[in-house]
Amino acid sequence: MRDLSNTGMNLRLSEAVKLLEKYKLPKIAIDHSILVAKIVRILGEILKERGYPVDVDSAEIGALLHDIGRSVSWGVDHCYHGYRILKTEAPGYENYALRHVGAGLSHEEAGSLGLPEDLNYMPQTLEEKLVAYADNIVYADKFMGPDRCEERFKRELGGNHPGYIRIVNLNRFFERIIGREELHRVFDLFKNRRAEQR
């Protein structure tokens, strides 16, 4: 077990999974989060090897916990419910829940969805961006990759929607700092695999 005491956040992977179970997350949501966490771990290690200041352990735990709000709602507001849960249950990880939807929400979008507008729903840190990115390329418990992710959100939101544009920009950001070829080598590990094939 990895102890995150060096980050100021003392949570182990096994404790994060127990927290998901405590909140009775359905198996599909837990499997989704495990797959997102695996992708975050691999990409985070690549970034770290390249000299980027990324806390891979924190991002991995954040990826496991990012959807805990689905214990309350399956709507977009699950990000806010997760934030509230983690603020109490796992302080220091709450922004992973709040900022993972798509590539973040503007204050206007948050308000139109009935979410409190006084919070920042945009991923700020490299770790938060990594979790949002990995979350977008996993649908349910299956890897779909960035290209299919973009197709999906373009269909759902429209090509001119600010949320879709942010997702495309987040994808390009990771293509730039990791490299498209390297990303595809990693993605080949996950193609046609479900989370339970671990």
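The numbering scheme is per chain: residues are counted from 1 as the chain's sequence reads. Only residues with pLDDT of at least 70 are given local features in this predicted model, and only at 80 or more are side-chain atom pairs given and counted; all residues enter the totals for whole chains, interfaces and linings. The basis for every side-chain value is the complete set of heavy atoms in the structure, and neither hydrogens nor water enter the calculation.

Student: With reference to specific residues and values, describe the packing of helix H1 (residues 13–22) against helix H3 (residues 56–65).
Tutor: Inter-axis angles, ranging from 0 to 180 degrees, are taken between N-to-C directions of lines fitted to C-alpha atoms, where helices are fitted over the stretch in contact. Strands are runs of DSSP state E lasting at least two residues, helices are runs of H or I lasting at least four, and both sets are numbered from the N terminus onward. Viewed as axis vectors pointing N to C, H1 and H3 meet at an angle of 15°, and their least axial separation amounts to 9 Å. With respect to H3, the element H1 is oriented roughly parallel. Like other packed secondary-structure pairs, H1 and H3 cross with a definite hand, here right-handed. Across from Leu13, Ala16, Val17, Leu19 and Leu20 in H1, the residues of H3 making contact are Glu60, Ile61, Leu64 and Leu65. Residue composition of the contact of H1 with H3, grouped by class: eight nonpolar, no polar and one charged. For classification purposes, an angle smaller than 35 degrees is called roughly parallel, one larger than 145 roughly antiparallel, one from 65 to 115 roughly perpendicular, and anything else oblique. Two helices cross in a left-handed way if the nearer one is turned anticlockwise from the farther one by less than a right angle. They cross in a right-handed way if the turn is clockwise. Contacts are residue-level and defined by heavy atoms, with any inter-residue pair within 4.5 Å sufficient. Side-chain classes are defined by residue name, with Ala, Val, Leu, Ile, Met, Phe, Trp, Tyr, Cys and Pro counting as nonpolar, Asp, Glu, Lys and Arg as charged, and the others, Gly among them, as polar.

Student: Can you lay out helix H9 (residues 162–178) for me, pointing to particular residues and giving the numbers?
Tutor: Count 3.6 residues to each turn of an α-helix, and residues three or four apart come out pointing the same way. A helix is expected to reach a length of 1.5 Å times the quantity of its residues less one. The terminal C-alpha atoms of H9 lie 24 Å apart, and with 17 residues this matches the ideal 24 Å at 1.5 Å per residue to within 8%. Residue exposure (1.4 Å probe, protein chains only): buried if accessible area is under 20% of the type maximum, exposed if over 50%, otherwise partly exposed. Buried residues of H9: Gly163, Tyr164, Arg166, Ile167, Val168, Leu170, Asn171, Phe174, Glu175, Ile177 and Ile178, and no others. In this structure, the buried side of H9 is in contact with helix H2 (27–49), helix H6 (107–112), helix H7 (126–136), helix H8 (145–157) and helix H10 (180–188). A positive phi of about 100° marks Gly179, the residue just after H9.

Student: How would you sum up unusual backbone geometry? Please name residues and give values.
Tutor: Positive phi is not limited to glycine here, since Lys24 has a value of about 55°. Relative to the helices and strands, Lys24 resides in the loop between H1 and H2. In this structure, Ala140 is a non-glycine residue whose phi angle is positive, near 55°.

Student: Run through the packing of aromatic side chains, naming residues and quoting values.
Tutor: To pair, rings of Phe, Tyr and Trp, with the six-membered ring standing in for Trp, must have centres within 6.5 Å; the planes then decide the type, stacked if under 30 degrees apart, edge-to-face if over 60, and tilted in the middle. What the rule picks out here adds up to six aromatic pairs. For the ring pair Tyr80 and Tyr83, a centre distance of 6.3 Å and an interplane angle of 25° mean the geometry is stacked. Residue Tyr80 and its partner Tyr83 are located together in helix H4 (residues 78–89), separated by three residues, close to a single helical turn. The class for Tyr83 is buried, based on a relative accessible area of 11%. Their ring planes at 35° and their centres at 6.1 Å tell us that Phe143 and Phe190 sit as a pair that is tilted. Placement of Phe143 in strand E2 (residues 142–143) and of Phe190 in the segment after H10 is noted, with a sequence separation of 47 residues between them. Grouping residues by exposure puts Phe143 and Phe190 together as buried. Here the aromatic residues Tyr133, Phe173 and Phe174 are joined through ring pairs into a cluster of three or more. Residue placement shows Lys129 over the ring face of Phe173; its charged tip is 5.3 Å from the ring centre. By definition, being over a ring means that NZ of Lys or CZ of Arg is both within 6 Å of the ring centre and within 35 degrees of the ring normal. Directly above the aromatic system of Phe153 lies the positively charged group of Arg152, at a separation of 4.6 Å from the ring centroid.

Student: I'd like a rundown of the environment of Asn120, residues and numbers included.
Tutor: Among the secondary structure elements, Asn120 is positioned in the loop between H6 and H7. Distance in space between the C-alpha atoms of Asn120 and Leu98 is 8.0 Å, their sequence separation being 22 residues. In this view, Asn120 contacts Leu98, Arg99 and His107; residues no more than four positions away in its chain are not counted.

Student: Give a detailed account of the nonpolar core, specifying residues and quantitative values.
Tutor: With 55 residues, the main nonpolar core has Ile39, Leu43, Leu65 and Phe174 as its most contacted residues. With eleven residues, H2 is the largest single contributor of residues to this core. For Leu65, the contacting residues outside a window of four places in its chain are Leu11, Ala16, Leu19, Leu20, Leu86, Ala90 and Tyr93. Nonpolar core, defined: a set of buried Ala, Val, Leu, Ile, Met, Phe, Trp, Tyr and Cys residues in which side-chain atoms within 4.5 Å join the residues together. Cys79, Ala110, Leu115 and Leu119 belong to the second-largest nonpolar core, a separate cluster that totals nine residues.

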